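# Summary of structural features
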Amino acid sequence: MKLNDAVRRDVRRWGLGVVISLTALYVVFRLADWQELLAALASIRTEHILAASALTVLFIAVRALAWRVLLNGRPTFRQAFFIVSEGYLLNNILPLRAGEFGRAVFMGRALGVNAFHVLSTIVIERAFDLAIAAGLLLSTLPLALEMGWARSAAVLVLVLVITGLGVLYFMALKPQLINGIVERIGRKSDLFQRLIAPQITALMDGFQALTRPAQFFTSLLLVIVSWVVAVTTYYVIILSVAPDAPFWWGIFTDAMLALGISLPSAPGALGMFEGAIVAALTLLGVSNSAALALAIVLHFIQYLITGLIGGYGLLKEGQSLGALFSQLRLRDKVS
């Protein structure tokens, strides 16, 4: 592929996300009152920021434990902790959530296995996240909107996510069927057989975690614990502007954020992060300016913590971003 062609392709793929992010940023800042925004920023107490920062580190640690379980305990906790942080750091600077593929590459290199085998565990982790987010939305959206149709919409989201988990489980139970389909396609395409088929095989191998009850439920429990930590993080910051807020406000905000940042956006979910939190909190009665202040502080904390830990991990482990970019380019060619 020529350089100009690659650039044009990247612009097309990233352009929509950038436009959405810029639009979201324009809307949330356009609706905010600057004096109120500055006052709200000043009102956020230092102890709340420190507590949210500590909870963010705890969140990364719990996610690392969950990932170790999905990887059969092969990496050390230290490896998992820093590589998870490196993935979040890369998501903050690269588009299309490329940090997920980045941490698969880094962990694959550390364990000496195919990166797509590792990627399958990240797919399972994200499926857990979507199911939990849908469940949280199901339980809090009717409270926030006080409308009957909200529960039906949330149930639909939950059904779709559970269906997706069911498909993954079926694929894990029937690897011979999937591999047979891959083999038949491979007979018709040499390129598919050489470049794509081995990656699908590695993905299928990683999906076997879904068929081991102890591994499945332990990893799911740890992912749920990480969500409890995340919800508490948002709730602590919300208390800065709404001291009487019930705990379910943090649940609703986290669920809305999870769904909001799943949409195309600029690196780091810039704009969509702020837009999702502002949308959630304004539905709960918080002013646009105060909600935006909370979003700015939360996003800054996440950038700072993942940047420090992820950056240290990259330096300490000697990971090469150049090698990662080459892997990403190869992924683009075969996708």
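See the structure printed just above.
Predicted model only: the values in this text are computed from it and were never measured.

On to the overall build of the protein. When helices and strands are tallied, the protein shows 14 helices and zero strands. Seen in sequence order, the protein has helices and strands lined up from the N terminus as α-α-α-α-α-α-α-α-α-α-α-α-α-α. The buried share of the protein, reckoned over its 335 residues, is 50%. In the protein, once contacts between residues fewer than 6 apart in sequence are set aside, the share between residues at least 24 apart is 73%.

Now for the packing of aromatic side chains. In total, this model carries nine aromatic pairs according to the counting rule given. Ring centres of F82 and Y312 lie 5.5 Å apart, and the angle between their planes is 45°; this geometry places the pair in the tilted category. Remark: Y312 occurs in helix α13 (residues 288-317) and F82 occurs in helix α4 (residues 77-93); sequence separation between them is 230 residues. You can call F82 buried: its relative accessible area is 13%. With relative accessibility at 42%, the residue Y312 sits in the partly exposed group. Judged by centre distance (5.0 Å) and plane angle (85°), the rings of F216 and F217 are edge-to-face.

We now examine the pattern of salt bridges. One pass over the full model with this rule turns up eight salt bridges. One salt bridge connects D129 with R126, and the closest N-O pair in it is separated by 2.7 Å. Here D129 and its partner R126 are both found in helix α6 (residues 115-145), three residues apart, which amounts to about one turn of the helix. For the residue pair D129 and R126, the accessibility class agrees, reading buried in each case. Among the charged side chains, a network of salt bridges with common partners joins R63, E100, R103, E125, R126 and D129.

Turning our eyes to something else, we now look at the packing of α4 against α13. Axis separation between α4 and α13 bottoms out at 7 Å; the angle between their running directions is 120°. Judged by the angle between their axes, α4 and α13 are oblique. Our pair here, α4 against α13, has a crossing hand that is left-handed. Note on element contacts: α13 touches α4 through Q302, Y303, T306, G307, I309, G310, G311, Y312, G313, L314, K316 and E317, opposite R78, F81, F82, S85, E86, Y88, L89 and N92.

So, on to the nonpolar core. Counting residues in hydrophobic clusters, the biggest one holds 92 residues, and the most contacted among them are I60, W67, M107, F252 and L281. For this core, the leading source of residues is α6, giving 15 residues.

What the largest pocket holds in volume is close to 1,100 Å³. The wall of the largest pocket is formed by 44 residues, among which Y88, R97, E100, R126 and I261 lie closest to the centre. Among the secondary structure elements, those contributing two or more residues to the lining of the largest pocket are α1 (3-31), α3 (46-70), α4, α6, α10 (213-238), α11 (248-260) and α13. Examining the composition of the lining of the largest pocket, we find that seven residues originate from one element, α6, more than from any other. Among the residues making up the lining of the largest pocket, the classes are represented as 26 nonpolar, 11 polar and seven charged.

Thresholds, definitions, all that
- Residues numbered from 1 in each chain as written.
- Predicted model: local features only at pLDDT ≥ 70, side-chain atom pairs only at ≥ 80, totals over all residues.
- Heavy atoms only, no water.
- Helix = DSSP H or I, 4+ residues; strand = E, 2+ residues; numbered from the N terminus.
- Buried < 20%, exposed > 50% of the residue type's maximum accessible area, 1.4 Å probe, protein only.
- Contact = heavy atoms within 4.5 Å.
- Phe/Tyr/Trp six-rings, centres within 6.5 Å; stacked < 30°, edge-to-face > 60°.
- Salt bridge = Lys/Arg side-chain N within 4 Å of Asp/Glu carboxyl O.
- Axes fitted to C-alpha atoms, helices over the stretch in contact; angles between N-to-C directions.
- Parallel < 35°, antiparallel > 145°, perpendicular 65-115°, else oblique.
- Left-handed = near helix turned anticlockwise from the far one by under 90°.
- Core = buried A, V, L, I, M, F, W, Y, C linked by side-chain atoms within 4.5 Å.
- 1 Å grid on protein atoms, 1.4 Å probe; cavity = no way out; pocket = protein on both sides within 12 Å on 5 of 7 lines; lining within 4 Å.
- Points joined across faces, edges and corners; volume = space filled by probe spheres on them.
- Nonpolar A, V, L, I, M, F, W, Y, C, P; charged D, E, K, R; others polar.

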